[in-house]
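So you can see what is in the structure, the chains are spelled out below.
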Amino acid sequence: MNLRWGAAAAAIAAAARMPGSHAFAPKSAARPAVVVPSSSALSMGPPADPSAPLTEQFGEGSRKYRRTVYTHEQWVKHRSTDRFSNNLSTFLSSGIYKQVGKEVAATVAVAAFVCVWNALVGGYEDFGGAMHGAVIDEGWAIKAGIPMEAFTLLSPSLGLLLAFRTNQSYKRWDEARKFWGLNINHTRDLNRMATAWYGHDGIPVDPEKRAEDLRQVSLMTWAFVRSMHRHLSPPDEDEENYVRELNNRLSPSQAEAIAGAAHRPNRALYDLSVAIDRLPMHFMRKNEINKNLSIFEDTLGGCERLLSSPVPLFYTRHTARFLSTWLLLLPFAMYDPFKGSWNHVAEIPAIAIASIFLFGIDELSTQLEEPFTILPMQRFSDKIGEWCDEIVSWQGQGLDESANLVAREREALPL
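Residues numbered from 1 in each chain as written. Predicted model: local features only at pLDDT ≥ 70, side-chain atom pairs only at ≥ 80, totals over all residues. Heavy atoms only, no water.

## Some remarks on the packing of aromatic side chains
And then number 1: By the definition in use, this model includes 12 aromatic pairs.
And then number 2: Taken together, the aromatic side chains of Phe91, Tyr97 and Phe357 make up a single cluster linked through ring pairs.
And then number 3: Across the ring face of Trp387, the terminal group of Arg188 is positioned such that the distance to the ring centre comes to 5.0 Å. (Phe/Tyr/Trp six-rings, centres within 6.5 Å; stacked < 30°, edge-to-face > 60°. Lys NZ or Arg CZ within 6 Å of the ring centre and 35° of its normal.)

## Here's the deal with the packing of helix α10 (residues 252–259) against helix α11 (residues 264–277)
A pair of packed helices is characterised by two quantities: the angle between their axes and the separation of those axes.
And then number 1: Contact geometry for α10 and α11: axes closest at 8 Å, N-to-C directions at 140°. Our classification of the angle between α10 and α11 gives oblique. Touching Ala257, Ile258 and Ala259 of α10 are Arg264, Arg267, Ala268 and Asp271, all from α11. (Axes fitted to C-alpha atoms, helices over the stretch in contact; angles between N-to-C directions. Helix = DSSP H or I, 4+ residues; strand = E, 2+ residues; numbered from the N terminus. Parallel < 35°, antiparallel > 145°, perpendicular 65-115°, else oblique. Contact = heavy atoms within 4.5 Å.)

## Considerations on the pattern of salt bridges
And then number 1: Throughout the structure, instances matching the rule amount to 16 salt bridges.
And then number 2: Note that Arg305 is salt-bridged to Glu175, the shortest N-O span being 2.6 Å. Highlighted residues: Arg305 in helix α12 (residues 283–308) and Glu175 in helix α7 (residues 148–196), separated in sequence by 130 residues.
And then number 3: The class for Glu175 is partly exposed, based on a relative accessible area of 24%.
And then number 4: Ionic pairing is found between Arg249 and Asp389, a salt bridge with its closest N-O pair at 2.8 Å. Highlighted residues: Arg249 in helix α9 (residues 235–249) and Asp389 in helix α15 (residues 377–392), separated in sequence by 140 residues.
And then number 5: Of the residues examined, Arg249 reaches a relative accessible area of 11% and is grouped as buried.
And then number 6: One continuous salt-bridge network, built from bridges that share partners, spans Arg165, Asp362 and Glu369. (Salt bridge = Lys/Arg side-chain N within 4 Å of Asp/Glu carboxyl O. Buried < 20%, exposed > 50% of the residue type's maximum accessible area, 1.4 Å probe, protein only.)

## With respect to the side chain of Gln367
And then number 1: Relative to the elements of secondary structure, Gln367 occurs in helix α14 (residues 347–369).
And then number 2: With relative accessibility at 13%, the residue Gln367 sits in the buried group.
And then number 3: A distance of 2.7 Å separates the side chain of Gln367 from the side chain of Glu363, its partner in a polar contact. (Polar contact = N/O pair within 3.5 Å; in protein donor to acceptor, adjacent residues only side chain to side chain.)

## As for the side chain of Ser227
And then number 1: Summarising the element assignment, Ser227 is placed in helix α8 (residues 207–231).
And then number 2: The class for Ser227 is buried, based on a relative accessible area of 0%.

## Re the packing of α8 against α9
And then number 1: At a minimum axis distance of 10 Å, the contact between α8 and α9 shows a crossing angle of 170°. Judged by the inter-axis angle, α8 sits roughly antiparallel to α9. Facing Leu219, Trp222, Arg226, Ser227, His229 and Arg230 of α8, the residues of α9 in contact are Pro235, Asp238, Glu239, Asn241, Tyr242, Glu245, Leu246 and Arg249.
And then number 2: For the contact of α8 with α9, the per-class residue count stands at five nonpolar, three polar and six charged. (Nonpolar A, V, L, I, M, F, W, Y, C, P; charged D, E, K, R; others polar.)

So this is what it looks like as structure tokens:
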């Protein structure tokens, strides 16, 4: 018995003297975690305040307000019977509709031109209801119009193009969200296994060394997902926050090594591999933990593929040209159907509404096509860090009270 405990003590002393990897600073250099305000703490949807800058109400500036995270409260509101009236009441403040304002203005201008031109060359009705002859009475001056059948014939093709584009864009968003879902699941799985399996072969566990080893696993797990978030975000939006969070949570050498790497997520993943390798456990258990790292590489590579490869440009350009031409010529076909209105002017608001909705479909596809700046990646990273810190704080193998109780009862049994 004394020889066995002596061997165990020697093993612990040897482990304490073992030089650490260069990826980690000594324990004395470690810093306590500091909570950094999350940029995900934004209200959902663009700011309703009319005094807010226009750059924040639509376009690129509004994308950070679309990083939606639902709770039960939001789902109740989402299912509310007032949702239709609420959506209609925000019609004019919609960032999507503001984004297509120039295109809608162009089609409305064409509709107004058709009404004015046809009134000048074909006669018009004054405010008193009296009819007047043509103002331009020349042989070349004819009324503008296109048969509606041309648009009826092309409508199915346009609908297919828009439906396919929207489906593909949503598919890209859904794929990106699933990649981050895998990150969330496997970061928890990794830290759970590391915490539960720490130690082996009955060697006594030094609580301080165990806490530091598992803290490094948790920190490097967070560093990977936070670096992946930064890797997929615009530099001008996230670089400053990213560097500050690294410096607040990691030791100076760790933060400098990751921030200075050419590919930061790869460096953070390497440091996580080193942290796992330093855990005292059976190599087969380490292999199981390392399977999660291979999944992280897959999710990272998949996100990089989505970021660097849009829907083929020839498809999106053809769809945009088709839609623009169809809507710009539509006023010529819609003139006669509105002959019951005063000088056909009801055509103008009808064209405006049709343009808003159809250009809006194309705009939705464009907004969804690059999913990362509308995904709440900051929220994901923050939550992963919190959950991993909590998991590694649990007692784990050989340290929880129930395991100690079982061991004491077993020792009390007669031989």
